[in-house]
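Residues per chain are reported as follows:
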Amino acid sequence: MRISPYLAALVISSGSALVAPCAEASPWTLPRGTVVFQGSFQYQTASREFFEQGPSRAFPLQGQYVGNTFTLGLRAGITDRLELEVALPIRTVSYTSDPVIVAARAAGSMESEGDFYRRNIINLSRTATGIGDLYLSARYRVALRPFAFAIGLRVKAPTGYVGPSGTFGDRPQTAGELAGNLGRYVSPENVRDDVTLGDGQLDVMPELLFGYAFRTRTFLRIDLGFNGRFGGAGQQVVGAVRVGQSIGNSLLLYAWSQAYLSVTDGRVIGVSVAAQDPELPASSYLGDRNLLLRELRLERDVVEVGLGVLVRINRDVELNLGYARGVWGRNVALSDSLFANLGVRAQIPGLQ
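The text that follows walks through the structure, step by step, so that each part is easy to find. (Residues numbered from 1 in each chain as written. Predicted model: local features only at pLDDT ≥ 70, side-chain atom pairs only at ≥ 80, totals over all residues. Heavy atoms only, no water.)

Helices and strands together make up the secondary structure of the chain, namely 4 helices and 16 strands. When burial is assessed residue by residue, the chain has 50% of its 352 residues classed as buried. Long-range pairs, those at least 24 residues apart, make up 70% of the contacts in the chain between residues at least 6 apart in sequence. If you sum the accessible surface of the chain, you get close to 15,500 Å²; carbon and sulfur atoms cover 62% of it. (Helix = DSSP H or I, 4+ residues; strand = E, 2+ residues; numbered from the N terminus. Buried < 20%, exposed > 50% of the residue type's maximum accessible area, 1.4 Å probe, protein only. Contact = heavy atoms within 4.5 Å. Areas by Shrake-Rupley, 256 points an atom, 1.4 Å probe, with all protein chains shown as cover.)

In structure tokens, the structure reads:
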């Protein structure tokens, strides 16, 4: 019983194209005929979540979210100004928590306690594995001086996985309806939950990318965008700031902050069953005691900060390592992420 671990997973799928800011999308586009093959791994974990307001709170029933993402990507310089990128993640996301019984055993029932418990125990632990959202991007560099400036278009498309829903499916749509029919909806066979590989809908995001390189070998980058989300999802404004410092010829240290903020309401995808007091044990959930029913919408806010280091192994190979943490959000988990990205540069003969 908790809110939206799928939203924690979406921090990966929505942020992964920005998480490695020095090795991926940039206003400094690749030269014509240059390609970069990328392989990355990202590990994410969370045990706390943000609701609509207030500080983060623990997942009920000792819940824990874990996500692992392997991503294969390719960037290609089509001209000296135009760059294309594609990325496809393979993901495993899981949520584990203590089992719980909500139904009350009727007085005078002839059913044994063992049979009653086996029939009514609710296990919210779930795991999903498969191909996540496909990312396609195009960036066109407008200028290099006095600062680098590019315009971009990023598209995120689902790949056929099962999309998110409320704890017991997309019906009922209101907390009141669920509260009035606990016996009908709150049962083991109705558990659908929201562990999923993405939000199952199309995003189209135009963006502006600005960058400036100082003589001190420091760089500053600012991204601004609007994430147009289809399928009834809440629309978002997107922003990111990155700073970095080169040390020697093979080391770059950097830090960043990024935000995805909803500006419209998303559609209701079901009711999320959480807890009034998430610290209480499973025995405190009998009937509607300690239940917190929330109408779950396909929308979220997240603000994330991170640190990283990029190591140039040789002229054509770079290793990017980093850490990110969610610091504020709405309808999203408070997550910690580690990532490693290996990029290999090559030239296409005849296109230089």
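Additional details are given in the paragraphs that follow.
This brings us to the nonpolar core. Membership of the largest hydrophobic core comes to 14 residues, with the highest contact counts inside it found for Ile-122, Phe-168, Val-186 and Tyr-285. Counting 10 residues, the second largest nonpolar core, distinct from the first, contains Tyr-65, Ala-128, Val-195 and Ala-333. (Core = buried A, V, L, I, M, F, W, Y, C linked by side-chain atoms within 4.5 Å.)

One can find Gly-244 in strand β10 (residues 236–247). By relative accessible area, which is 4% here, Gly-244 ends up buried. Filtering out sequence-adjacent residues up to four positions away, Gly-244 remains in contact with Arg-217, Thr-218, Phe-219, Leu-252, Leu-253 and Tyr-254.

The next point concerns the pattern of salt bridges. With the rule as written, the count across this model stands at 17 salt bridges. The salt bridge partner of Glu-83 is Arg-75, with a shortest N-O separation of 2.9 Å. Classification of Arg-75 as buried rests on a relative accessible area of 6%. Between Asp-199 and Arg-229 there is a salt bridge, and its shortest N-O distance comes to 2.3 Å. Highlighted residues: Asp-199 in the loop between α4 (182–185) and β8 (203–213) and Arg-229 in strand β9 (residues 218–229), separated in sequence by 30 residues. Accessibility assignment for this pair places Asp-199 and Arg-229 in one class, buried. One network of salt bridges, with partners in common, ties together Asp-133, Lys-156, Asp-199, Asp-203 and Arg-229. (Salt bridge = Lys/Arg side-chain N within 4 Å of Asp/Glu carboxyl O.)

Here the focus is the pairing of strand β16 (residues 332–347). As defined by bridge partners, strand β1 (residues 34–50) adjoins β16 across 16 bridges and the pair is classed as antiparallel. If you follow Thr-45 over to β16, its bridge partner there is Asp-336. Note: strand β15 (residues 317–330) against β16, 9 bridges, orientation antiparallel. Counterpart to Asn-320 in the pairing with β16 is Asn-341. As consecutive antiparallel partners, β15 and β16 are separated by 1 residue, and within that stretch Asn-331 has a phi angle of approximately 60 degrees, a positive value. (Pairing = 2+ DSSP bridges.)

Take the environment of Thr-129 next. The residue Thr-129 is located in strand β5 (residues 126–131) in this model. When the C-alpha positions of Thr-129 and Val-195 are compared, they lie 10.0 Å apart, and in sequence the two are 66 residues distant. If sequence neighbours within four positions are ignored, Thr-129 has contacts with Arg-91, Thr-92 and Leu-197. In terms of polar contacts, Thr-129 uses its side chain to reach the side chain of Thr-92, at 3.2 Å. (Polar contact = N/O pair within 3.5 Å; in protein donor to acceptor, adjacent residues only side chain to side chain.)

Take a nonpolar patch on the surface next. A surface patch of nonpolar side chains, about 820 Å² in accessible area, is lined by Phe-37, Leu-74, Val-86, Leu-136, Ile-247, Leu-251, Leu-253, Val-311, Ile-313, Leu-342 and Val-344. Listed by contribution, the elements that provide at least two residues to the nonpolar patch are β11 (251–262), β14 (301–314) and β16. (Patch = residues over 30% accessible without salt bridge, like charges linked within 9 Å, V, L, I, M, F, W, Y side chains within 5 Å.)

Our focus in this paragraph is the pairing of strand β4 (residues 82–96). Bridge analysis of strand β3 (residues 64–77) against β4 gives 14 bridges, and the strand direction is antiparallel. Residue pairing across strands places Asn-68 opposite Thr-92, the latter belonging to β4. Between β3 and β4, which follow one another and run antiparallel, lie 4 residues. Note that β4 and strand β6 (residues 134–143) share 6 bridges and pair antiparallel. The partner of Leu-84 across the bridge, within β6, is Ala-138. With 6 bridges joining them, β4 and β5 adopt antiparallel strand pairing. Among the inter-strand pairings, Thr-92 is bridged to a residue of β5, identified as Thr-129.

Next up on the list: the packing of aromatic side chains. The full count for this structure, using the stated rule, is 7 aromatic pairs. Ring plane angle 45 degrees and centroid distance 4.9 Å describe the contact between Phe-41 and Phe-70, whose orientation is recorded as tilted. You can see Phe-41 sitting in strand β1 and its partner Phe-70 sitting in strand β3, a full 29 residues away along the chain. Relative accessible area serves as the criterion here: at 30%, Phe-41 is assigned to the partly exposed category. Look at Trp-256 and Phe-339: their rings are 6.2 Å apart centre to centre, the planes differ by 55 degrees, and that puts the pair in the tilted class. Taken together, the residues span a long stretch of sequence, with Trp-256 in strand β11 and Phe-339 in strand β16 at a distance of 83 residues. (Phe/Tyr/Trp six-rings, centres within 6.5 Å; stacked < 30°, edge-to-face > 60°.)

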